[in-house]
Amino acid sequence: MIKVSGYCRLFLLLGFLLSFSACKDDDKVVNDITTNRWIENTMRSYYYWYGDIPETNKLNFETSPEVFFQSLLSEKDGKDNNQVSGGHYYYSTIKKKSASTRAYLGEGPSLGFEFQNWFFTSNNRYAVSVLYVLPGSPADLAGLRRGDWIHSIDGVAVNNSNIYDLLGSKTVTVGVSDSYRKLFSTRSVELVPATVKDNPVFLTKVYNDLSTGGKKVGYLVYNHFTSGPDGDTDTEYDDDLRQAFARFKAAQVQEFVLDLRYNGGGLVTSAQLLSEMLAPASALGKTFCDLVYSDKQNKTVNYQLRQTGQNLDLPRLIVLTSSRTASASEAVINGLKPFYQVMVIGERTEGKNVGSITLSSDKYEYDLHPIVCRIYNAKGESDYEDGFVPDWTLSEDQRVIEGHVELGDKDNDPLLAVAVYTIRTGSLPRINVARSAGMDIVSGYCSLDEKSGSGVRVPF
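All figures in this text were calculated on a predicted structure; none of them were measured in a lab.

*Asks:* Help me get a handle on the packing of helix α4 (residues 236-250) against helix α5 (residues 268-278), residues and values and all.
*Replies:* It is at 11 Å that the axes of α4 and α5 come closest, and there the two elements cross at 10°. Accordingly, the angle class assigned to the pair α4 and α5 is roughly parallel. Where α4 abuts α5, its residues Asp-238, Leu-241, Arg-242 and Phe-245 lie against Ser-270, Leu-273, Leu-274, Met-277 and Leu-278. Taken together, the residues that form the contact of α4 with α5 break down as six nonpolar, one polar and two charged.

*Asks:* Give me the lowdown on the pairing of strand β21 (residues 371-376), citing residues and values where you can.
*Replies:* Here strand β15 (residues 287-293) runs beside β21; their pairing, made up of four bridges, is antiparallel. Counted as the bridge partner of Leu-291 is Ile-375 from β21. With three bridges joining them, strand β19 (residues 354-356) and β21 adopt antiparallel strand pairing. Within β21, the position partnered with Ser-356 by the bridge is Ile-371.

*Asks:* Just give me the short version of the sheet that holds strand β17 (residues 316-321), but keep the residues and values in it.
*Replies:* The strand order across the open sheet formed by six strands is β12-β13-β14-β17-β18-β22, and the pairing between neighbours is mixed. The open sheet is flanked by β12 (201-207) and β22 (392-393), the only strands paired with a single partner. Here six bridges tie β17 to strand β18 (residues 341-346), and the two strands are oriented parallel to one another. Its bridge partner lying in β18, Val-319 is registered against Val-344. Strands in contact with α4 are β12, β13 (217-222) and β14 (255-259); relative to β12, the strand with the most contacts, it is inclined by about 5°.

What counts and how
Residues numbered from 1 in each chain as written. Predicted model: local features only at pLDDT ≥ 70, side-chain atom pairs only at ≥ 80, totals over all residues. Heavy atoms only, no water. Axes fitted to C-alpha atoms, helices over the stretch in contact; angles between N-to-C directions. Helix = DSSP H or I, 4+ residues; strand = E, 2+ residues; numbered from the N terminus. Parallel < 35°, antiparallel > 145°, perpendicular 65-115°, else oblique. Contact = heavy atoms within 4.5 Å. Nonpolar A, V, L, I, M, F, W, Y, C, P; charged D, E, K, R; others polar. Pairing = 2+ DSSP bridges.

Written as structure tokens, this is what we have:
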């Protein structure tokens, strides 16, 4: 998600429990009705598609706040989920303040790895691929690596339900192999959840050899737009990002590859900071993006590319993407496009050109996260609701990670290899240039992101 402003978390102090269940139920109905009226009033004031909210006399105020909230949402909010369930998922959400709402791996107990669920049509089965592992996490200590495949969870074959057990709320034992081709696990791994710091500055490298044509190429894996581990006012991660770019500048990098494959969004201020350091120097002082609210709010919030000592003054930018690249990640692509060439390599992105805020009250136990604005670049462009189409895209068989090809392996990572080839030759390759052997064609999807809009890296 992209967060467009800070907010205070206000908590409701609950009164004494009543002795009789009938009274307790009556109080709950009254409380729900009161909460739902607050939700309606708030949404009519802030929701970007407020005109699509049904008339008050057509709303059922006696349902739960979660059900009531969803009854207000527009079909313009979110995407049709044809690939998985044929339903619709919404970007706007509601959460209980007391509930765990882990948006990133480092918030609350975690197993410490990012994953993708795959369905194999050839034998009608599921498997989970490990995309990356956080250093020092339970997954890391247990020996999980990018490219591992999980075939069972607590002795049961992976399915579209038990994958939720991998989100970190309980201890699990997973059956693991090094290939999706192996139908059965080759080792068993116990994972005990722990609190893990999830720094979005996951990996930085500078390449300078024959493969780059002698050019110094910076590479950054940046996994979410979060300013720090303790909320929007914490700048630890932003400071780490500045330090990383100071090192890139000291190394005198001439080209840059930004890896946003697993970045589903976050704070617009962190997206602004990243863009300030990637933009050509001539763009500094100009508009990065405008957040345009509904006519009822009647306001536009402008973010500029501020002057910074870490700016690399690059001639262009190459971005690696996947279907989960969304929100603030797409705002970086869109925001930098007016100033130089932004080349996209990988998969079509999510297509989320809208942003949300958090609305809260000390009287109610829910936080609302409605879509409130649309995002435009300096040229007034916001036409990526269907996602950014890559300049070079993966074939179906290249989507599967095999052989423990680590992030940053410029010879064997298909997307990074294409980026490096393009920098060296000045043009995109016609075929895959990575050294890894080809793989069988399968169809896959990230069911947690696409089906439910919850779990790992929810876009925007």
